[in-house]
Amino acid sequence: MKTLVIAEHNSENLSAATLSVIDAAKKLGRDIDLLVANNSCSSVLDEAKSVEGVSSVLDFSHEKFANEIAEDIAACVVSVKDDYDFFLTSSSTSGKNNLPRVAALLNIQQISEVTEILDEKTFKKPIYAGSCIATVQSTQEKNALTIRTTSFEKADAAGGSASVITKDVPETESRKSGFVKNELTVSDRPELTSADIVVSGGRGMQNGENFALLEAVATKLNAAVGASRAAVDSGFVPNDYQVGQTGNSVEPNLYIAVG
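All residue numbers here refer to positions counted from 1 along the written sequence of the relevant chain. Where totals are concerned, whole chains, interfaces and linings use all residues; where local detail is concerned, this predicted model gives features only for residues with pLDDT of at least 70, and gives and counts side-chain atom pairs only at 80 or more. In computing side-chain values, all of the structure's heavy atoms are included and hydrogens and water are not.

### A look at the overall build of the chain
Inference 1: Check the secondary structure of the chain and you find six helices and 13 strands.
Inference 2: For 259 residues, the compact-globule estimate of 2.2 N^0.38 gives 18 Å, and the chain sits close to it at 19 Å.
Inference 3: By principal-axis analysis of the C-alpha atoms, the chain measures approximately 50 × 40 × 40 Å.
Inference 4: Across the 259 residues that make up the chain, the buried fraction comes to 45%.
Inference 5: Whether two residues are in contact is decided by their heavy atoms: any pair within 4.5 Å suffices. The contacts of the chain with a sequence gap of at least 6 include a subset with a gap of at least 24, amounting to 70%.
Inference 6: Accessible surface is estimated by sampling points in the Shrake-Rupley manner with a 1.4 Å probe; for residues, cover comes only from the protein chains shown. Carbon and sulfur atoms make up 45% of the accessible area of the chain, which amounts to about 13300 Å² in all.
Inference 7: Note on charges: Lys and Arg go in the positive column, Asp and Glu in the negative column, and His and the chain ends are not counted at all. Lysine's charge is taken at NZ, arginine's at CZ, aspartate's at CG and glutamate's at CD. Each charge class in the chain can be summarised by its mean position, and for the 23 positive and 35 negative side chains these summaries are 5 Å apart. Strands are runs of DSSP state E lasting at least 2 residues, helices are runs of H or I lasting at least 4, and numbering of each runs from the N terminus. The reference for a compact globule is 2.2 Å times residues^0.38; the radius of gyration itself is calculated from the C-alpha atoms. Any residue under 20% of the maximum accessible area for its type is buried, any over 50% is exposed, and the rest in between are partly exposed; the area is computed with a 1.4 Å probe on protein chains only.

Okay, structure coming up:
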C-alpha cells in the first residue's frame, strides 16, 4: 500500500507546505503519490512530477477546481482510497478544511498537527496549545494525518520523474456548499508559516491603521506580519494574519511581539 499526499497550489505553483508534507511522507517508508486537483494547471503538474520522492501524480482536472470546495476534494480522495493506507496534507487552512471530511467519509479518526513520525503507527503531536507533546499510536488500517510543516524539511523540488496519471473527477453527492468569493491578502513579504522573522501585533495596536507601523518594520526586516486572535477578532487585520492555536503555526528564528 502507498501514501497519498493532497497537494496545495495557487494554480501556478505548488506550495512550499506540500513539499514539507512530502518530506514527512517519506518517513512512512512507502511509495508516495501526489493528488493534484486543478483547473487545467499544466505548470503545477510539471512541478509536481519533478518533486523528488514522488512516484505518481494523480491529475484530477476540472473547471470546478478553479475554486476549491472541500466536498469536491474529498470525493477525489475517496475515489482512490483502496490504493492507499495513509492520507497526508498540511495543517494549513486548506488542509484543515479538506482532510476532516476525508476522514469522516473513510470512517477513521484523523491525527492532527503531526510534528514527528516515529514509525508507521506512532506519531508525536502538540496538545494543550503546544504546552505538551503527546505520543499517539494508531490501530487503524488507514490513517489521515495533517502535518505541521514547520517541523519538517522541504522535499527537493527537482530531480524527480513521476508519471502523471489522468483520473476521472467523480460527481459530488449531497453537495450543500458552493463558492461565493475569495479574499486574499497580497504581499511581497515571506509567507507567514515559513518566514524566518515574524513581527506580530496584539490588541494593544488599537486599530488597523496602527498595524501599518508593523508593516513598515516587517518590510525593512523582510519579515512576515502576524497578529493575535484578539487583533483579528477586532477587525484590525485579516484572518490569515492570525498566529496561534486557532491560527497559523509558525517557527521563525526571530519573533517580535508588539503589544
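Moving on from the model shown.
### A closer look at the packing of aromatic side chains
Inference 1: Only rings of Phe, Tyr and Trp enter the pairing, Trp through its six-membered ring, and a pair is recorded when the two centres are within 6.5 Å. The plane angle decides the type: under 30 degrees is stacked, over 60 is edge-to-face, the rest tilted. A full pass over the atoms with the stated rule returns two aromatic pairs.
Inference 2: Aromatic side chains F211 and F236 sit 6.4 Å apart centroid to centroid with 50° between the ring planes, which places their arrangement in the tilted category. Of the two residues, F211 is situated in helix α5 (residues 211-221) and F236 in the loop between α6 (229-233) and β13 (254-258); the sequence distance between them amounts to 25 residues. Each of the two residues, F211 as well as F236, counts as buried.

### Section: the layout of surface pockets
Inference 1: Every definition here rests on a 1 Å grid over the protein atoms only: cavities are sets of points where a 1.4 Å probe fits but cannot get out, pockets are open sets enclosed by protein on both sides within 12 Å along at least five of seven lines, and lining residues have some atom within 4 Å of a point. Grid points are joined across faces, edges and corners, and a volume is the space filled by probe spheres set on the points. Empty space within the second largest pocket amounts to approximately 350 Å³.
Inference 2: Along its surface, the second largest pocket is lined by 18 residues, and E113, P126, R148, Q245 and S249 are the ones closest to its centre.
Inference 3: Under the convention adopted here, Pro, Cys and the residues Ala, Val, Leu, Ile, Met, Phe, Trp and Tyr are nonpolar, Asp, Glu, Lys and Arg are charged, and Gly plus all remaining residues are polar. Along the lines of polarity and charge, the residues of the lining of the second largest pocket split into six nonpolar, eight polar and four charged.

### Remarks on helix α1 (residues 16-26)
Inference 1: Burial of α1 is extensive: nine of the eleven residues sit out of reach of the surface.
Inference 2: Three or more residues of α1 are buried, namely A17, T18, L19, S20, V21, I22, D23, A24 and A25.
Inference 3: In this structure, the buried side of α1 is in contact with β1 (2-6), β2 (32-38), β3 (54-61), β4 (84-90), β6 (116-119) and β9 (143-147).

### Looking at the nonpolar core
Inference 1: Residues belong to a common nonpolar core when they are buried Ala, Val, Leu, Ile, Met, Phe, Trp, Tyr or Cys residues joined through side-chain atoms within 4.5 Å. In this structure, L34 and L88 are the most contacted members of the largest nonpolar core, which totals 30 residues.
Inference 2: Among the elements of the structure, α1, β2, α2 (42-50), β3, β4, β5 (110-114) and β9 are those that each provide at least two residues to this core.
Inference 3: Setting aside residues up to four positions removed in sequence, L34 forms contacts with L4, V5, A7, L14, T18, I22, A48, V54, S56, V57 and L58.
Inference 4: Within the second largest apolar cluster, 20 residues are counted, among which are L35, F65, L99 and A144.

### Quick notes on the packing of helix α3 (residues 70-79) against helix α4 (residues 93-106)
Inference 1: Axis definition: a line fit to C-alpha positions, over the contact stretch in the case of helices; interaxial angles, taken between N-to-C directions, run 0 to 180 degrees. Relative orientation of the contacting elements α3 and α4 amounts to 50°, with a least axis distance of 9 Å. In this view, α3 runs oblique relative to α4, as classed from their interaxial angle. Seen along the crossing, α3 lies across α4 with a hand that is right-handed. Across from A70, E71, I73, A74, V77 and V78 in α3, the residues of α4 making contact are N97, N98, R101, V102, L105 and L106.
Inference 2: Among the residues making up the contact of α3 with α4, the classes are represented as eight nonpolar, two polar and two charged. Working definition: roughly parallel below 35 degrees, roughly antiparallel above 145 degrees, roughly perpendicular at 65 to 115 degrees, and oblique for all remaining angles. Crossing handedness follows the turn of the near helix against the far one: under a right angle anticlockwise gives a left-handed crossing, and clockwise gives a right-handed one.

### Let's talk about the environment of V51
Inference 1: Mapped onto the fold, V51 is located in the loop between α2 and β3.
Inference 2: Relative accessible area serves as the criterion here: at 1%, V51 is assigned to the buried category.
Inference 3: Sequence spacing of V51 and D156 is 105 residues, and the spatial spacing of their C-alpha atoms is 6.0 Å.
Inference 4: Excluding anything up to four places from it in sequence, V51 contacts L14, L19, I22, A155, D156, A157 and G160.

### Comments concerning the sheet that holds β2
Inference 1: Two strands make a pair as long as DSSP finds a minimum of two bridges between them. Spatial strand order, β5-β9-β4-β1-β2-β3-β10: seven strands in an open sheet with parallel pairing. Strands at the two margins of the open sheet, each flanked by one partner only, are β5 and β10 (163-167). On average, adjacent strands in this sheet sit at an angle of 25° to one another, irrespective of strand direction.
Inference 2: When β1 meets β4, the two strands line up parallel, connected through four bridges. Looking across to β4, one finds that V5 is bridged to L88.
Inference 3: α4 rests against β1, β4, β5 and β9 of the sheet, and its axis sits at about 160° to β4.

### Here's the deal with the pairing of β5
In summary, the side chains of a regular strand alternate between the two faces of the sheet.
Inference 1: Counted residue by residue, β5 has four buried out of five residues, so it is predominantly covered.
Inference 2: When β5 meets β9, the two strands line up parallel, connected through three bridges. Residue pairing in the sheet places I111 in a bridge with L145 of β9.

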